[in-house]
Amino acid sequence: MPISVTGINVMRSDNMRGFTLIEILVVLVIMGLLAATVVLTMGGDKAPLADQAHRFAARASMAAQESIVTGMPMGLTVSDEGYTFYRFSGGAWMELKGDRYFGQEAWSREGTVSVLRDGNRLNRVTVDRSTPFQPTVIFDTTGISTPFIVSFMEDRVHYAVSGDGRGKVLVKAHEDS
């Protein structure tokens, strides 16, 4: 019978009930991934602006969770045309082409999209061949991410998808009067 350093029996007895912290965390991660899967499979190619903002937020949040679960950093590059996910593997950023959940996605033609990273507006993604490629947003394996705001605007409606730097992604909507 195994006994801990303190001399307490660490074997579970039949009268002990409940779940361990690890069991609860695994269930929560699985539920989060399932919820993100449901959100990602909804909608069509020409989604309204709100759906587009929520879909982007769900995919960015899922990338943050994926980096923690797999232990491999995830990246996200946002441009005027759409967004692309990357995974850091073998010392380089690899685009996730054809991936069901993290494949490249183009913006619908409704409204305009602008990107702020670290408080600076990014109009176009430029590639400097003299330095190694690095995504616009990086989701680290510890849950830390690059702070960002992606704004979706159409007429008087505005949706802001923001990453707070701790892996949390939020959508805020407001209408101009």
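You'll find the structure just up there.
Residues numbered from 1 in each chain as written. Predicted model: local features only at pLDDT ≥ 70, side-chain atom pairs only at ≥ 80, totals over all residues. Heavy atoms only, no water.

**Brief notes about the side chain of Ser151**
Right, so step 1: Within the secondary structure, Ser151 is located in strand β8 (residues 148-154).
Right, so step 2: Polar side-chain contacts of Ser151 include one of 3.4 Å to the side chain of His158.
Right, so step 3: Non-local contacts of Ser151, meaning those with residues more than four positions away in its chain, are made with Thr112, Val113, Ser114, His158, Tyr159 and Ala160. (Helix = DSSP H or I, 4+ residues; strand = E, 2+ residues; numbered from the N terminus. Polar contact = N/O pair within 3.5 Å; in protein donor to acceptor, adjacent residues only side chain to side chain. Contact = heavy atoms within 4.5 Å.)

**Looking at the nonpolar core**
Right, so step 1: Counting residues in each nonpolar core, the largest one holds 28 residues, and the members touching the most others are Phe56, Leu76, Phe139, Phe148, Val150 and Phe152.
Right, so step 2: Among the secondary structure elements, those contributing two or more residues to this core are α1 (21-41), α2 (49-70), β1 (74-78), β2 (82-89), β5 (112-117), β7 (137-139), β8 and β9 (157-163).
Right, so step 3: In terms of residue count, the dominant contributor to this core is α2 (8 residues).
Right, so step 4: In this view, Phe56 contacts Leu76, Val78, Tyr83, Trp107, Phe148, Val150, Phe152 and Val161; residues no more than four positions away in its chain are not counted. (Core = buried A, V, L, I, M, F, W, Y, C linked by side-chain atoms within 4.5 Å. Buried < 20%, exposed > 50% of the residue type's maximum accessible area, 1.4 Å probe, protein only.)

**Thoughts on the packing of aromatic side chains**
Right, so step 1: Counting across every chain of the model gives 9 aromatic pairs.
Right, so step 2: Look at Tyr83 and Phe85: their rings are 5.8 Å apart centre to centre, the planes differ by 85°, and that puts the pair in the edge-to-face class.
Right, so step 3: A residue is classified by how much of its surface remains accessible, and Phe85, at 0% relative accessible area, is buried. (Phe/Tyr/Trp six-rings, centres within 6.5 Å; stacked < 30°, edge-to-face > 60°.)

**What about the packing of α1 against α2?**
Right, so step 1: It is the contact of α1 with α2, at a shortest axis distance of 10 Å, that shows an interaxial angle of 150°. Judged on the interaxial angle alone, α2 and α1 are roughly antiparallel. The two elements α1 and α2 meet at a crossing, and its hand is left-handed. On the side of α1, the interface is formed by Val29, Gly32, Leu33, Ala36, Thr37, Val39, Leu40 and Thr41, while α2 contributes Arg55, Ala58, Arg59, Met62, Gln65 and Val69.
Right, so step 2: For the contact of α1 with α2, the residue count by class is 8 nonpolar, 4 polar and 2 charged. (Axes fitted to C-alpha atoms, helices over the stretch in contact; angles between N-to-C directions. Parallel < 35°, antiparallel > 145°, perpendicular 65-115°, else oblique. Left-handed = near helix turned anticlockwise from the far one by under 90°. Nonpolar A, V, L, I, M, F, W, Y, C, P; charged D, E, K, R; others polar.)

**Overview of α2**
Right, so step 1: Taking 1.5 Å of rise per residue, the 22 residues of α2 would be expected to cover 32 Å, and the 31 Å separating its terminal C-alpha atoms lies within 8% of that figure.
Right, so step 2: Downstream of α2 by a residue or two, Gly71 has a phi angle that is positive, lying close to 75°. (Expected span 1.5 Å × (residues − 1).)

**A look at the pattern of salt bridges**
Right, so step 1: By the definition in use, this model includes 4 salt bridges.
Right, so step 2: Between Glu105 and Arg55 there is a salt bridge; the shortest N-O distance is 2.9 Å. Of the two residues, Glu105 is situated in strand β4 (residues 105-106) and Arg55 in helix α2; the sequence distance between them amounts to 50 residues.
Right, so step 3: On the accessibility criterion, Arg55 (22% relative accessible area) is partly exposed.
Right, so step 4: Where Glu66 meets Arg87, a salt bridge forms, and the shortest distance between an N and an O atom there is 3.0 Å. One end of the pair, Glu66, is in helix α2; the other, Arg87, is in strand β2, with 21 residues separating them in the sequence.
Right, so step 5: On the basis of relative accessible area, Glu66 is assigned to the buried category, the value being 17%.
Right, so step 6: The buried category is assigned to Arg87, whose relative accessible area is 18%.
Right, so step 7: Here the salt bridges do not stand alone but share partners, grouping Arg55, Arg59 and Glu105 into one network. (Salt bridge = Lys/Arg side-chain N within 4 Å of Asp/Glu carboxyl O.)

**What to know about the environment of Thr37**
Right, so step 1: Checked against the element boundaries, Thr37 lands in helix α1.
Right, so step 2: The contact partners of Thr37, leaving out residues within four places of it in the chain, are Met62 and Tyr101.
Right, so step 3: Side-chain polar atoms of Thr37 contact the backbone oxygen of Leu33, separated by 2.8 Å.

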